[in-house]
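# Observations on the model geometry
Spelled out from the first residue to the last, the chains are:
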Amino acid sequence: MSSWFKRKEKGIQTATEEKKDTPKGLWYKSPTGKIVESEVLAQNFYVSPEDDYHVRIGSKEYFEILFDDNKFRELDAKLSSKDPLKFEDTKKYSERLKAAEKKTGLKDAIRTGVGKSLGKDLVISCMDFAFIGGSMGSVVGEKISRAIDYSIKKKIPFLLISKSGGARMMEAALSLMQLAKTSAKLAQLAEAGIPYISLCTDPTTGGTTASYAMLGDINIAEPGALIGFAGPRVVKDTTGADLPEGFQSAEFVLEHGFLDFIVHRKNLKTKVNQYIDLIQNNPIRK
């Protein structure tokens, strides 16, 4: 190898291909510029300690936070999308699905688990934004419906964590049908008298907001989460009006009556179970 590719200053003789990069993901930089070690972030419920910024996380992390000892059984784990419309934009939908599955290790944009949370059974369906922007397609609707069926059959409270860009356009009307389907299932859950807690995380938009995300017995959100139907830019362009400060933030939505509470992630497990105990008129677990 030519000496051109070797570092010779101060006696360092490391060939270029032997140099070690700093491992990726060792640090996280929040939007306000605060830098935090990934390990510290994980220990702090994936919340930046200095500015309290709630980092976007997925089902893996939420299950870790909410299930006792991270023990749970996944329901309908192998359910995956087909391409009934043979949809194609810049890429075939079937190819997008394969790429998303390979990149994320997920089958679709939602996972359901059942396990103990503060000692009592809980069914949790949690959306994953990493899979095609957390878009709601047929599989998302079907998995939510099956999770509700399981809750009704076993009489277990249901928590749904939303994180979505809206309906999955590659499934067109089939995607929009999930709004009615999931809403009808939630009506059955209500008839059975089983608690449903809806947690809106950043972002909760589009058809998700227009259906199951706003139908909880108690609707809660994480601090600073974007919650709305259309995005702020679209709303501004459509109405031609300047939007108020903090428009569509969880705090703004709470103030205008669409949410019941904002819950910090470190209190999430305690609060979710507290609400369930209150709804069921049970002694409150600590």
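Above this note sits the structure.
Remember, predicted model here, so these are calculated numbers, not experimental data.

## Some thoughts on the pattern of salt bridges
A complete count under the given rule lists 16 salt bridges for this structure. Of the charged contacts, one joins Glu-142 and Lys-181 as a salt bridge, the two residues approaching to 2.5 Å between their closest N and O atoms. Placement of Glu-142 in helix α4 (residues 138-154) and of Lys-181 in helix α5 (residues 172-191) is noted, with a sequence separation of 39 residues between them. Measuring nitrogen to oxygen at the nearest pair gives 2.8 Å for the salt bridge that ties Glu-222 to Arg-265. Note that Glu-222 is positioned in the loop between β8 (218-221) and α6 (232-239) and Arg-265 in the loop between β9 (261-262) and α8 (268-279), a separation of 43 residues in sequence. Of the two residues, Glu-222 and Arg-265, both sit in the buried class.

## Thoughts on the environment of Thr-104
Its place among the elements puts Thr-104 in helix α3 (residues 93-104). Thr-104 gets classed as partly exposed once you look at its relative accessible area, which sits at 23%. The contacts of Thr-104, once residues within four sequence positions are left out, are Ala-130 and Phe-131. One polar contact links the side chain of Thr-104 to the main-chain carbonyl oxygen of Ala-100, over a distance of 2.6 Å.

## Considerations on the packing of aromatic side chains
For the coordinates displayed, the defined rule picks out six aromatic pairs. With centroids separated by 5.5 Å and ring planes inclined at 25°, the aromatic side chains of Phe-158 and Tyr-196 adopt a geometry described as stacked. You can see Phe-158 sitting in strand β6 (residues 158-164) and its partner Tyr-196 sitting in strand β7 (residues 196-204), a full 38 residues away along the chain. Linked through ring pairs, Phe-63, Phe-67 and Phe-72 together constitute an aromatic cluster.

## Notes on the nonpolar core
Formed by 27 residues in total, the largest nonpolar core has its most connected members in Val-140, Ile-144, Phe-158 and Tyr-212. When contributions to this core are tallied by element, the ones reaching two or more residues are α3, β4 (110-117), β5 (120-127), α4, β6 and α5. Counting residues per element, this core draws most heavily on α4, at five residues. Those residues within four positions of Ile-144 in sequence are excluded, and the remaining contacts are Ile-110, Phe-158, Leu-160, Thr-182 and Tyr-212.

## A word on the sheet that holds strand β3 (residues 72-75)
Overall, mixed pairing links the seven strands, which are arranged β3-β4-β5-β6-β7-β8-β9 in an open sheet. Strand pairing shows two members of the sheet lacking a second neighbour, β3 and β9, which therefore form its edges. Where β3 and β4 come together, four bridges link them in antiparallel fashion. Bridge assignment links Leu-75 to a residue of β4, and that residue is Thr-112.

## Description of the side chain of Gln-248
Relative to the helices and strands, Gln-248 resides in the loop between α6 and α7 (250-255). If sequence neighbours within four positions are ignored, Gln-248 has contacts with Ala-225, Leu-226, Ile-227, Gly-228, Phe-229, Ala-230, Gly-231, Pro-232, Val-235 and Val-253.

## Observations regarding the packing of α4 against α5
With their axes 8 Å apart at the nearest point, α4 and α5 run at an angle of 10° to one another. Relative to α5, α4 is oriented roughly parallel. From α4, Ser-138, Gly-141, Glu-142, Ile-144, Ser-145, Ile-148, Asp-149, Ser-151 and Ile-152 reach across to α5, where they touch Leu-174, Gln-178, Lys-181, Thr-182, Lys-185, Leu-186, Gln-188 and Leu-189. Of the residues assigned to the contact of α4 with α5, the class counts are six nonpolar, seven polar and four charged.

## Considering the environment of Val-235
Along the chain, the position of Val-235 falls in helix α6. For Val-235, a relative accessible area of 19% gives the class buried. Once you skip the residues sitting within four places of it in the chain, Val-235 turns out to touch Ala-230, Gly-240, Leu-243, Phe-247 and Gln-248.

## Comments concerning the pairing of β4
Counting buried positions along β4 yields seven of eight residues, so the element is predominantly enclosed. Relative to β5, β4 runs antiparallel, the two being bridged by eight bridges. Looking at β5, one finds that Val-114 is bridged to Val-123. The antiparallel pairing of β4 with β5 creates a hairpin that spans two residues between the two strands, and Leu-118 there sits at a positive phi of about 50°.

## Notes on the side chain of Lys-163
Position of Lys-163 among the secondary structure elements: in strand β6. The buried charged residue Lys-163 lacks any salt bridge partner; its closest oppositely charged side chain belongs to Glu-222, at an N-O distance of 5.0 Å. Side-chain polar atoms of Lys-163 contact the backbone oxygen of Ile-57, separated by 3.5 Å. A polar contact of 3.4 Å, which involves the side chain of Lys-163, links it to the backbone oxygen of Asp-202. With residues near it in sequence (within four places) discarded, Lys-163 still touches Arg-56, Ile-57, Tyr-62, Met-127, Phe-129, Gly-134, Thr-201, Asp-202, Pro-203 and Thr-204.

What counts and what doesn't
- Here the residue numbering is sequential within each chain, running from 1 through the sequence in written order.
- Per-residue local features of the predicted model are confined to residues with pLDDT of at least 70, and side-chain atom pairs are confined, for both listing and counting, to 80 or more; whole-chain, interface and lining totals are unaffected and use all residues.
- Computation of side-chain values: all heavy atoms of the structure, hydrogens and water removed.
- What makes a salt bridge here is a side-chain nitrogen of Lys or Arg within 4 Å of a carboxyl oxygen of Asp or Glu, nothing more.
- Secondary structure elements follow DSSP: runs of H or I no shorter than four residues count as helices, runs of E no shorter than two count as strands, and numbering proceeds from the N terminus.
- Only protein chains enter the accessibility calculation, which uses a 1.4 Å probe. A residue is then buried if its area is under 20% of the maximum for its type, exposed if over 50%, and partly exposed in between.
- In what follows, residue pairs with any heavy atoms lying within 4.5 Å of each other are defined as contacts.
- The definition of a polar contact used here is a pair of N or O atoms within 3.5 Å, where within protein one atom must be able to donate a hydrogen and the other to accept one, and adjacent residues in sequence count solely through side-chain atom pairs.
- Aromatic rings from Phe, Tyr and Trp, taking only the six-membered ring of Trp, are treated as a pair when their centres fall within 6.5 Å; an angle between ring planes under 30 degrees marks them as stacked, one over 60 as edge-to-face, and anything in between as tilted.
- Buried Ala, Val, Leu, Ile, Met, Phe, Trp, Tyr and Cys residues that are joined via side-chain atoms within 4.5 Å together make up what is termed a nonpolar core.
- Between any two strands, pairing holds if DSSP finds at least two bridges.
- Angles shown run from 0 to 180 degrees and are taken between the N-to-C directions of axes, each axis being a line fitted to C-alpha atoms and, for helices, limited to the stretch in contact.
- Roughly parallel means an angle under 35 degrees; roughly antiparallel, over 145; roughly perpendicular, 65 to 115; everything else is oblique.
- Three classes are used, and their members are as follows: Ala, Val, Leu, Ile, Met, Phe, Trp, Tyr, Cys and Pro are nonpolar, Asp, Glu, Lys and Arg are charged, and the others, Gly among them, are polar.
- Counted as positive: Lys and Arg. Counted as negative: Asp and Glu. His and the chain ends are not counted at all.

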